Amino acid sequence: MSGNFGDSRSVLIESLRLKGEDFALSNVFFFNKKGLKAVQTLFRLRNDLLNFAVDIDAAPQVPPPPNPPNLEGLNQDEANNAQSNYEQLLSYWLEIKDAHNRKVPLSKYREIEDFLLPYFKTIEATSAVKGKRFMALTRTIHEPKHQGFFGKLMGKEGDE
Amino acid sequence: MVQTVLPFWVQILVTLNLYWIYILPAVLLGGIFGLMRMFTMPLLTRNPHELVIIFGSSKAKVYKVVGRYLPFFLTKKGAYWFSDAAPLGHNLLHVYFEGVNQPVYALKRNVDKESHIMSHRENITQIKGHTVLIPPSMRTFARNWVLIIKYGTPADKDKPAPITVELKTAKSVGLGKQPYKLGLFKRIGVYQVSQQVAEGANASKQLQTITVQNVIEKVGGNVKGMNFSSSFSGRLIKNVRRVERNWQMLLTGGFDMRVILVMIVMFGIIAMAYLLFLAPNAPLSPQAQLPPPPPGVKLPN
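All values derive from a computational prediction rather than experimental measurement.

Draft legend 1. Representation of a positive patch on the surface. The grouping of A:Lys37, A:Arg44, B:Arg242 and B:Arg245 at the surface amounts to a positive patch. Those elements that place two or more of their residues in the positive patch are helix H3 (34–52) of chain A together with helix H5 (230–252) of chain B. Judged by relative accessible area, B:Arg245 falls into the exposed class, the value being 62%.

Draft legend 2. Fine view of the side chain of B:Glu50. All names here are of chain B. Structurally, glutamate 50 can be placed in strand S1 (residues 50–55). Polar side-chain contacts of glutamate 50 include one of 2.7 Å to the side chain of histidine 94. Ignoring anything within four residues of it in the chain, the contact list for glutamate 50 reads Tyr63, Lys64, Val65, Arg68, Ala85, Leu92 and His94.

Draft legend 3. Up close: the pairing of strand S6 (residues 91–97) of chain B. Residue and element names in this part refer to chain B. With six of seven residues buried, S6 lies mostly within the body of the structure. The sheet contact formed by S1 and S6 spans six bridges and is parallel. Counterpart to valine 52 in the pairing with S6 is histidine 94. Taken together, the three bridges between strand S5 (residues 86–88) and S6 define a ladder with antiparallel strand orientation. The residue bridging proline 87 from the neighbouring strand is leucine 92, located in S6.

Draft legend 4. Main features of the interface of chain B and chain A. With 30 residues of chain B in contact, the opposing surface of chain A contributes 25 residues. Taken together, both faces of the contact between chain B and chain A bury some 2,500 Å²; the carbon and sulfur share is 69%. For chain B, the biggest contributors to the area lost against chain A are B:Met118, B:Trp247 and B:Leu251; these three give 28% of the whole. The interface formed by chain B and chain A holds three salt bridges in total. Every element with two or more residues in the side of chain B that touches chain A is listed here: helix H2 (113–119) and H5 of chain B.

Definitions and cut-offs
- Residues numbered from 1 in each chain as written.
- Chains lettered and ligands numbered in written order.
- Predicted model: local features only at pLDDT ≥ 70, side-chain atom pairs only at ≥ 80, totals over all residues.
- Heavy atoms only, no water.
- Patch = residues over 30% accessible without salt bridge, like charges linked within 9 Å, V, L, I, M, F, W, Y side chains within 5 Å.
- Areas by Shrake-Rupley, 256 points an atom, 1.4 Å probe, with all protein chains shown as cover.
- Salt bridge = Lys/Arg side-chain N within 4 Å of Asp/Glu carboxyl O.
- Lys, Arg positive; Asp, Glu negative; His and termini not counted.
- Charge placed at Lys NZ, Arg CZ, Asp CG, Glu CD.
- Helix = DSSP H or I, 4+ residues; strand = E, 2+ residues; numbered from the N terminus.
- Buried < 20%, exposed > 50% of the residue type's maximum accessible area, 1.4 Å probe, protein only.
- Polar contact = N/O pair within 3.5 Å; in protein donor to acceptor, adjacent residues only side chain to side chain.
- Contact = heavy atoms within 4.5 Å.
- Pairing = 2+ DSSP bridges.
- Buried area = accessible area lost by both parts, 1.4 Å probe.

Put into structure tokens, the structure is as follows:
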């Protein structure tokens, strides 16, 4: 993992590049509390659909996990390709493992994921999300350190 | 002032005398309804229909299929999947138990149910309540009935056995006698012909009761999970439809402005009705006073 962790923008950019699901969700700015309800509803729906699709006889067996690539002696491009291939294989393997654990046939698992994909995409694509994230990357917000009556008093003391 | 207290029966007679114009039609209509319920059996119809019967723990409900646009239909408490209908006279019949979303004679796992839930998100009326207005014959007066499911021999080993359904009175198969009391509701049990009993035995011994427990045991191997639950699948279908319909509003925390529009229209109608009919000096109110006649004009008495 590369990146300068010195300032907050680099951390944000690096984390967004990694596409961590929870991190992406934590960056979503909803208009109000109903947005949280939407996320909850979506995950519940996914769980219900997967429960409905449980079929013990047709559940996939887990293959051995993919081996991490040996990057020695490769130039930068080849190493990147090998790494991305490995990540792709690993994500596919994780999917099969999840389907196996839930006893869901792989075709049904993919079908349900494909059905829910537009909803997850809309969470990412709300205009509010875009605006706030853009602002977070371009604007520095100066927050007052001491607020309120006592805060100001303490601030004065601190400054002096 | 003398107050006379009339006996109760005289009061009833007086009430009947005063309000017979309302009481007589009500009694007639109620009587016709009662007679109709006593003489009709919903599964025996004058015209051919595709019917659905759902056996509950205490009630069996009969519906009429009015649309086959979707591969399933929804009741208040759950969803049920269509399968091949069994012929019953000139009708077609689907037989279900409450809680199991496939017909009792087609319990092989339907692998397309998930796809159906996710792709058919439209709300189309598939079934409606079913009542028979004119009984096809006087024989339908019998109260106790049995529905017998018979499995034929399949033409090919891979194909499922052809199903036929027979409706008989309980008395005719030796399972009960016609009670002497009258009632508005019919009784019906569902049976299948037992394979073990040799032919020539008593007809009642050949019949084997089908219960929810039988069906669940038969489903057994498949049923790990929720795939055969009618209430779960019904809730799932409703949730998928709800999310599809309201997703944007749910995500952005919006509010459906149509609700406000309906309320404005409703209050507007109430206000207009008040202004037109009920307000003092309203133009259409019965109490509206006419202006005084011009001088020299004499109104007729």
